[in-house]
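This is what each chain is made of:
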Amino acid sequence: MTQTDQADLDEFSPYPPIADYGFLSDCEVSALIAPGGSVEWMCLPRLDDPSVFGAMLDRDAGWFKFGPADMSVPADRRYLAGTMVLETVWDCGEGWLIVRDCLLMGPWRHQYPQRAGHRRPPTDYDAEHTLLRTVRCTNGAVQLVMDCHPAFDYGRRREQWNYTERGFNQVTVRTAGLDIELALTSDIRIGIEGPSAQARTLLREGDNRFCALSWGGDAPPEDFEEANQRLLWTAHHWRHWLARGRLPDHRWRAHLTRSALTLKGLAYAPTGAIAAAATTSLPETPKGERNWDYRYSWIRDATFALWGLFTLGFEWEANDYFAFIADILERDHDDLQIVYKIDGSKDLDEHVLDHLHGYQGARPVRIGNAAYAQRQNDVWGAVVDSLYLHTKSRDWLDDRVWRMARQQVERALLHWREPDCGIWEIRGEPKHFTSSKMMCWVALDRGARLARIREDAEAAEQWQAAADEIHADICANAVDERGVFCQHYDTTALDASLLLMPLVRFLPADDKRIRDTVLAIGEELSIDGLICRYRTNETDDGLRGHEGTFTICSFWMVSALIEIGEFQQARDLCEKVLSYASPLLLYGEQIDPRSGRHLGNFPQAFTHLALINAVMHVVRHEQQAARRALAPDATIAPAISTLD
């Protein structure tokens, strides 16, 4: 596709830009709201279940509009500071409206564990299974419209609404076989038009209204006063949660705050899992085939998730996520997948939804993810490094963690010589990917460290010897004539995953090969300063077309530049990548460096984890430099916390 074709597509597309969506969560369900006030992506009763509102992937696959009539561009949008409550302000010419949207959180309400479905320890709060939308007219007069049009099972099923005993103020709809009943409650009179529940009313200055979409049998608000109180309770919950963190007093604190809230929003509270993203099949290439389902939990994210959560002071969330990983390790230790559903189940068979148009026509639309069956040898390194981070946070190594560590170290020891599909899950021929070998080295290296903590000298000696063997193999087979580490053993192509080498301490940051690799990736895999994961014309990934720059790779570059001492370059790049954030400080998977448009699934957990890593590298370097300036003769310990 030419740039002119893409410009025409964007100009006439009915789909909003990916970055313009707002993200809501109650830690069980998520919703994406277009700037025009329509919920265009929401899956029930979990975020990896079939969609009820799917207009993000097909304009006829369900939506929930709430806002002024005949308008689609608001005057302003923001989150209430420190919350997941989205506020949209409308200048309607003759009047102004303020709409607030949230997925309600409330006090813990379960009495019996078997009914709650939670595997993690109960907290003081819980999802209320209600999407609440309130509106206030601040001056003038504005015509308000509501149109709730669910389309169950990814738009394949539509059902009829029915009135309840509350008359015009409540309707319900149920779909057979999916065991989902929706109740729409409002202080606006609701009418039924086919599969839509609709309402309209004239609001004048000082008027307030609400509507609440609930499921699972939870009681909706009775009136606006109750609705507003529950919204304020939800805002208080998010601010109370955020207050437990340790976020630095820095100009980039807002980015860290939104990233922390986004990661919490992508967490599934009953199991502790963190979904990679809230969506499926948002394209990495406009109108292309690089469309995947990311509503699942990848094991490789564990190290970054634990590091980010521990760094920002969210130990409870780190513990819950570790518990999710530990449950899987105990069950599947000899047959570990690289990705699981957020309830821990294993079946992620991939299917194509041919009936959906796809975002801006990008097809196929996929659900499930066939990568679950791939061999990706980096998984053992991610697991053992996570066990090591967990142990460091406690200063002891219990029998359960030690048993899991031994199992995964032995798996890495058994398979590290074999080719795999790599960190990027290529669908071409398996290769001896350098990053996979490196993570096998991490498994043996961290395993040896754990063995020393355990005072198992025999295991420590054996595993350290194996780690040294892997290390030597990589250095002998993955370095080109320039002294630069390459993507795999049979190529001289570069790969941005090798920016992790200094972060996992594969070699010292001042080793010439590390420095040359980082700088070569910065020069040869960058477009307008942003980093691609690899060149698609050099890597057989089994797919056609090109893709945008991978935002996680740009943030990895920031961290790697700090490690090799290129502080100003790192700070400049971090500033640049942060400037590409969405208006609500969210990130998709990729960025088109020429237009700045976000590509891929949204919001992307891995990107926000890499942002935390990069920003904290810069912040800690600045703090260290400030201390040196104030006490130039003092000995100051390094301030950079890494993934080792």
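Residues numbered from 1 in each chain as written. Predicted model: local features only at pLDDT ≥ 70, side-chain atom pairs only at ≥ 80, totals over all residues. Heavy atoms only, no water.

How would you sum up the overall build of the protein chain? Please name residues and give values.
Looking only at helices and strands, the protein chain features 15 helices and 26 strands. Since a compact globule built from 644 residues should have a radius of gyration of about 26 Å, the 25 Å found for the protein chain is in line with a globular shape. Each principal axis of the C-alpha distribution contributes one length, and for the protein chain these read about 75 × 60 × 55 Å. Across the 644 residues in the protein chain, those meeting the buried criterion constitute 63%. Of the contacts formed within the protein chain by residues at least 6 apart in sequence, a portion of 66% connects residues at least 24 apart. (Helix = DSSP H or I, 4+ residues; strand = E, 2+ residues; numbered from the N terminus. Rg over C-alpha atoms; globule rule 2.2 N^0.38 Å. Buried < 20%, exposed > 50% of the residue type's maximum accessible area, 1.4 Å probe, protein only. Contact = heavy atoms within 4.5 Å.)

I'd like to hear about the packing of aromatic side chains, residue by residue, with values.
Inspection of every chain in the model, using the stated rule, returns 16 aromatic pairs. With centroids separated by 5.7 Å and ring planes inclined at 45°, the aromatic side chains of Trp-402 and Trp-463 adopt a geometry described as tilted. Of this pair, Trp-402 sits in helix α9 (residues 399-415) while Trp-463 sits in helix α11 (residues 457-477); the two residues are 61 residues apart in sequence, bridging distant segments of the chain. An identical accessibility class is assigned to Trp-402 and Trp-463; each is buried. Geometrically, the ring pair formed by Trp-441 and Phe-506 is edge-to-face, given 5.2 Å between the ring centres and 80° between the ring planes. Taken together, the positions of Trp-441 in helix α10 (residues 434-454) and Phe-506 in the loop between α11 and α12 (512-524) put the pair 65 residues apart, joining distant regions of the chain. The exposure classification of Trp-441 matches that of Phe-506, with both residues buried. Grouped by ring-pair contacts, the aromatic residues Phe-304, Trp-424, Phe-550, Trp-556 and Phe-606 constitute a single cluster. Between Arg-258 and the ring centre of Tyr-79, over which it is positioned, the NZ or CZ distance is 3.8 Å. (Phe/Tyr/Trp six-rings, centres within 6.5 Å; stacked < 30°, edge-to-face > 60°. Lys NZ or Arg CZ within 6 Å of the ring centre and 35° of its normal.)

Can you break down the pattern of salt bridges residue by residue, with the values?
A complete count under the given rule lists 49 salt bridges for this structure. Note that Arg-59 and Glu-40 form a salt bridge whose closest N and O atoms lie 2.8 Å from each other. Taken together, the positions of Arg-59 in the loop between β4 (51-53) and β5 (63-68) and Glu-40 in strand β3 (residues 38-43) put the pair 19 residues apart, joining distant regions of the chain. By relative accessible area, Arg-59 is classed as partly exposed at 30%. The class for Glu-40 is buried, based on a relative accessible area of 5%. Between Arg-446 and Asp-385 there is a salt bridge, with its nearest N and O atoms 3.0 Å apart. Taken as a pair, Arg-446 in helix α10 and Asp-385 in helix α8 (residues 379-392) lie far apart in primary sequence, 61 residues in all. For Arg-446, a relative accessible area of 0% puts it in the buried group. Where salt bridges share partners, they join Arg-120, Asp-327, Glu-330, Arg-400 and Arg-403 into one cluster. (Salt bridge = Lys/Arg side-chain N within 4 Å of Asp/Glu carboxyl O.)

Pulling in residues and values, what's your account of the pairing of strand β2 (residues 30-33)?
On β2, burial covers both faces: Ser-30 and Leu-32 on one face and Ala-31 and Ile-33 on the other are all buried. Relative to β2, strand β1 (residues 22-25) is paired through four bridges, and the arrangement is antiparallel. Its bridge partner being in β2, Gly-22 is matched across the sheet by Ile-33. What sits between β1 and β2 in their antiparallel hairpin is a turn of four residues, with Cys-27 showing a positive phi close to 70°. Two elements, β2 and β3, share three bridges in a ladder whose sense is antiparallel. If you follow Ile-33 over to β3, its bridge partner there is Val-39. Taking the residues that link successive antiparallel strands as the turn, the β2-β3 hairpin has four residues, and the phi of Gly-37 there is positive, at about 95°. (Pairing = 2+ DSSP bridges.)

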